[in-house]
Amino acid sequence: MQIIQFLNSLDQQIFLFLNGLNCPLMDTVMWYISGKVIWIPIYLVIVWYLFRERKWNTVFTLIFVAVMITISDQVCNLIKDSVMRFRPSHEPALSGLVHLVNDNHGNLYRGGNFGFISSHAGNSFALATFVTLFFKVRWVSIVMFIWAAIVSYSRIYLGVHYPGDIIGGALVGIAAGLLIYYIEQWVHAKYLAQFNKTLARKS
């Protein structure tokens, strides 16, 4: 119990330090980084790379990516509802200490009640892991994990996740990325690749 209390206290202290590094300009930047629209270009680039490697089999790969994100997201939500650890933005002990940002309607964004673990971190690191393993290109791996880290940090900046929430989400995401990548590779090699060869012979 003392170890849990120590880790919780440490998590709060690190959170307050990172969350305290704020300014009006970064409020806007981090709000959009935490959203989905700003990242559409990077998603399109990933799809383009997939298409270059797999042609129309990209649809098959994207189905696995969608399954991966769903698994990561649902596992994170299941843990949230089981652990029921308040987000910093809802933690009574931190009232008045957390820097919060206005949402698109001018209200302070607080997220749902519970924050352990972060779905944003889980989903981002799942995609980064899958893309890294799929392309095996160093600069792509670096870009993807930097992207995942920035998205994750934005959640701390916005006051809705502790660093521990991010670490937990990242671990779930990496596990989901590894699992789905190897399943996708096995299914592709065993069934789809053979199917493509059959079509090629017939044509």
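Preceding this section is the structure that the text describes.
Here is what the cut-offs are and how they apply
- Residues numbered from 1 in each chain as written.
- Predicted model: local features only at pLDDT ≥ 70, side-chain atom pairs only at ≥ 80, totals over all residues.
- Heavy atoms only, no water.
- Core = buried A, V, L, I, M, F, W, Y, C linked by side-chain atoms within 4.5 Å.
- Buried < 20%, exposed > 50% of the residue type's maximum accessible area, 1.4 Å probe, protein only.
- Helix = DSSP H or I, 4+ residues; strand = E, 2+ residues; numbered from the N terminus.
- Contact = heavy atoms within 4.5 Å.
- Patch = residues over 30% accessible without salt bridge, like charges linked within 9 Å, V, L, I, M, F, W, Y side chains within 5 Å.
- Areas by Shrake-Rupley, 256 points an atom, 1.4 Å probe, with all protein chains shown as cover.
- Salt bridge = Lys/Arg side-chain N within 4 Å of Asp/Glu carboxyl O.
- Polar contact = N/O pair within 3.5 Å; in protein donor to acceptor, adjacent residues only side chain to side chain.
- Expected span 1.5 Å × (residues − 1).

**Describing the nonpolar core**
Among the nonpolar cores identified, the biggest contains 35 residues, and Met68, Leu127, Met144, Trp147 and Leu158 are the most heavily contacted of them. Within the residue set of this core, elements represented by two or more residues are helix H2 (24-33), helix H3 (40-54), helix H4 (58-83), helix H5 (119-135), helix H6 (138-157) and helix H7 (163-202). Here this core takes eight residues from H5, the largest share from any one element. Apart from residues lying up to four places away in sequence, Leu127 is in contact with Tyr43, Ile46, Val65, Met68, Met144 and Trp147. Grouped together as the second largest cluster of nonpolar side chains are eight residues, Phe15, Leu94, Tyr162 and Ile166 included.

**What about a nonpolar patch on the surface?**
Together, Ile3, Phe6, Leu7, Leu10 and Ile14 line one region of the surface with nonpolar side chains, adding up to about 490 Å² of accessible area. Inspection of the secondary structure puts Phe6 in helix H1 (residues 2-19).

**A short note on the environment of Asn77**
Tracing the sequence through the fold places Asn77 in helix H4. Measuring from C-alpha to C-alpha, the distance between Asn77 and Phe114 comes to 9.2 Å, with 37 residues separating the pair along the chain. Here the side chain of Asn77 touches Ser119 through a polar contact of 3.2 Å, side chain to side chain.

**Notes on H6**
Here H6 contains 20 residues, and its C-alpha end-to-end distance of 28 Å stays within 8% of the 28 Å for a straight helix at 1.5 Å per residue. Val140, Ser141, Met144, Trp147, Ala148, Val151, Ser152, Ser154, Arg155, Ile156 and Tyr157 are the residues of H6 that are buried. Positive phi appears at Gly159, one or two residues downstream of H6, with a value of about 85°.

**Brief notes about unusual backbone geometry**
For the bond running from Phe116 to Ile117, omega is 20°, close enough to zero to count as cis. If you trace the backbone, Ile117 turns up in the loop between H4 and H5. With phi around 55°, Met84 is a residue other than glycine that occupies positive phi space. Examined against the element boundaries, Met84 turns out to sit in the loop between H4 and H5. Among the residues examined, Met84 registers a relative accessible area of 48% and is labelled partly exposed. The phi torsion at Lys136 lies on the positive side, around 55°, for a residue other than glycine.

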